[in-house]
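Architecture at a glance
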Amino acid sequence: MYLSLSMLLRAQAPPGDANSPARVTPGNPPPSKQRKFQGAGGDYETYSPEVLASGLKIYTANCAFCHGGSAKGGETGPSLVQSEIVLHDEDGKLLGAFIHVGRPDKGMPKFDLAKDHVNDISAFLHDRVRAAAERGTYQILNIVVGDGNAGKAYFSGAGRCTTCHSVENDLAHVGSHYDPVALQQKIIMPREFRGMSTTPATAITAKVTSSSGVVTEGRVKNIDDFSITLIGPDDKATMIERESGDEPKVELHDPMDGHMALLRQYTDSDIHNLTAYLLTLK
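With that out of the way, let us pick up the overall build of the protein. Each helix and strand in the protein was counted, giving eleven helices and seven strands. Across the 282 residues in the protein, those meeting the buried criterion constitute 40%. Restricting to contacts in the protein with at least 6 residues of sequence separation, those with at least 24 account for 58%. When the accessible surface of the protein is totalled, it reaches about 16,200 Å², and 53% of it is carbon and sulfur.

Now for the pairing of strand β4 (residues 215-223). Bridge count for strand β3 (residues 205-209) against β4 is five bridges, and the pairing is antiparallel. Bridging across to β4, Thr209 finds its partner in Val215. In textbook terms, the turn of a hairpin is the stretch between consecutive antiparallel strands, and for β3 and β4 this stretch comprises five residues, one of which, Gly213, has a positive phi near 95 degrees. Summarising the sheet, β4 and strand β5 (residues 227-231) pair through four bridges and their orientation is antiparallel.

Let's shift gears to helix α2 (residues 49-62). Side chains of residues three or four places apart in an α-helix project in the same direction, reflecting 3.6 residues per turn. Counted at 1.5 Å a residue, the expected span for α2 with its 14 residues is 20 Å, and the 20 Å between its end C-alpha atoms agrees. Residues of α2 that are buried include every one of Val51, Gly55, Ile58, Tyr59 and Thr60, and no others. Contact partners of the buried residues in α2: α3 (64-67), α6 (115-133) and α10 (257-262).

The interhelical angle for the contact between helix α5 (residues 93-101) and α6, taken along N-to-C directions, is 115 degrees, at an axis separation of 9 Å. Where α5 crosses over α6, the two elements pack in a sense that is right-handed. Contacts between α5 and α6 involve Leu95, Gly96 and His100 from the first element and Val118, Ile121, Ser122 and Leu125 from the second. Looking at the contact of α5 with α6 residue by residue, the classes come out as four nonpolar, three polar and no charged.

In terms of burial, β5 is largely enclosed, as five of its five residues are buried. Following β4, the chain reverses through three residues before pairing antiparallel with β5. Judged from the five bridges that link them, β5 and strand β6 (residues 237-241) form a sheet pairing that is antiparallel. Across the sheet, residue Thr229 finds its bridge partner in β6, namely Met239. Hairpin connection, β5 to β6: the antiparallel pair is bridged by five residues, and Asp235 has positive phi, about 65 degrees.

Turning our eyes to something else, we now look at the nonpolar core. In terms of nonpolar packing, the biggest core is built from 20 residues, with Tyr59, Ala71, Leu80, Val86, Leu95, Ile121 and Leu125 touching the most fellow members. For this core, the secondary structure elements donating two or more residues are α2, α4 (84-88), α5 and α6. Of all the elements, α6 adds the most residues to this core, at five residues. Sequence-distant contacts of Ile121, defined by excluding residues within four places in its chain, comprise Gly55, Ile58, Tyr59, Cys63, Leu95 and Leu113. Core analysis: the second largest hydrophobic core is formed by 18 residues, Met260, Leu262, Ile271 and Leu279 among them.

Let us now look at the sheet that holds β3. Pairing in this open sheet of five strands is antiparallel, and the strands run β6-β5-β4-β3-β7 from one edge to the other. A single partner strand is all that each edge strand has here, and the edge strands are β6 and β7 (249-253). Neighbour to neighbour, the strand axes of the sheet diverge by 40 degrees on average, direction disregarded.

Its identity as a non-glycine residue notwithstanding, Arg160 has a phi of 55 degrees, on the positive side. Locating Arg160 in the fold gives a position in the loop between α7 (148-156) and α8 (174-177). Note on Arg160: relative accessible area 57%, which makes it exposed. In this structure, His173 is a non-glycine residue whose phi angle is positive, near 65 degrees. Mapping His173 onto the fold places it in the loop between α7 and α8.

Per-residue confidence for the protein gives a mean pLDDT of 75, with 76% of residues at or over 70. Mean pLDDT in the protein bottoms out at helix α1 (residues 5-12), which sits at 38, and peaks at α7, which reaches 94. Residue range residues 1-42 is modelled with pLDDT below 50. Its contacts to residues more than four positions away, or to other chains, number 58 contacts. Low pLDDT, under 50, characterises residues 193-198; the predicted model gives this stretch 26 contacts beyond four residues in sequence or across chains.

Across the eleven residues of helix α11 (residues 268-278), eight count as buried, placing the element largely inside the fold. Residues of α11 that are buried: Asp270, Ile271, Asn273, Leu274, Thr275, Ala276, Tyr277 and Leu278. Check the buried side of α11 and you find it contacts α7, α8 and α9 (180-188).

About the thresholds
Residues numbered from 1 in each chain as written. Predicted model: local features only at pLDDT ≥ 70, side-chain atom pairs only at ≥ 80, totals over all residues. Heavy atoms only, no water. Helix = DSSP H or I, 4+ residues; strand = E, 2+ residues; numbered from the N terminus. Buried < 20%, exposed > 50% of the residue type's maximum accessible area, 1.4 Å probe, protein only. Contact = heavy atoms within 4.5 Å. Areas by Shrake-Rupley, 256 points an atom, 1.4 Å probe, with all protein chains shown as cover. Pairing = 2+ DSSP bridges. Expected span 1.5 Å × (residues − 1). Axes fitted to C-alpha atoms, helices over the stretch in contact; angles between N-to-C directions. Left-handed = near helix turned anticlockwise from the far one by under 90°. Nonpolar A, V, L, I, M, F, W, Y, C, P; charged D, E, K, R; others polar. Core = buried A, V, L, I, M, F, W, Y, C linked by side-chain atoms within 4.5 Å. pLDDT = per-residue confidence, 0-100.

Structure (structure tokens):
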């Protein structure tokens, strides 16, 4: 079922009662009480750091897979920063209606997200729109404010980074290859630089087993509720229909799982300390 923007707008319009109470969620006051500031691209709402952090985590877990870590688009999903639905959304109403329906015909499944989660995603996306509009008007300040020694301890200890990385191999001289901003972006938005990659080193791979025992393996090009498309060793695409539930059985392997898990654990200090440490690897 396809819902146009105008249909969604009509569906979300209030039923003629101008006095209907507005919903209030923590950190996200009703539109009439939103704090706003004048920017280069217009007036923008502001959101609490807690709401934006929550929105980033929920977005990363559900949307970044296709739309990229900063919502500017991936290999299979368009930019949400330029989306009409996002630009017309208010308090998650329009976005929520779309998310709950999805676009199966375009490869986007529906998501059953709680209203507060939709609100936080909406806040994150609106903040991305603001950042895009303001990109030519701000100065990047010094972000190297962490403790390199603490970052080294986290890298080898609680962060378990050495499970997959080595400062003598894949991360050798990484501090010379990236400036501080790019390096910190790689830490907090790992999918920004990957999207739905089909390169062997970073691609999500899958093993698909049919009810008769036929196994097909490859790099995932696309997956939704109705089908999965794999890129085989010969670089040819194979589309397999998903009939229901566990038929066929799909086992996914994502080399970025460790990074995605850390997004739910990082503190601000961890991120700054890791950045400071990695920049010493010249």
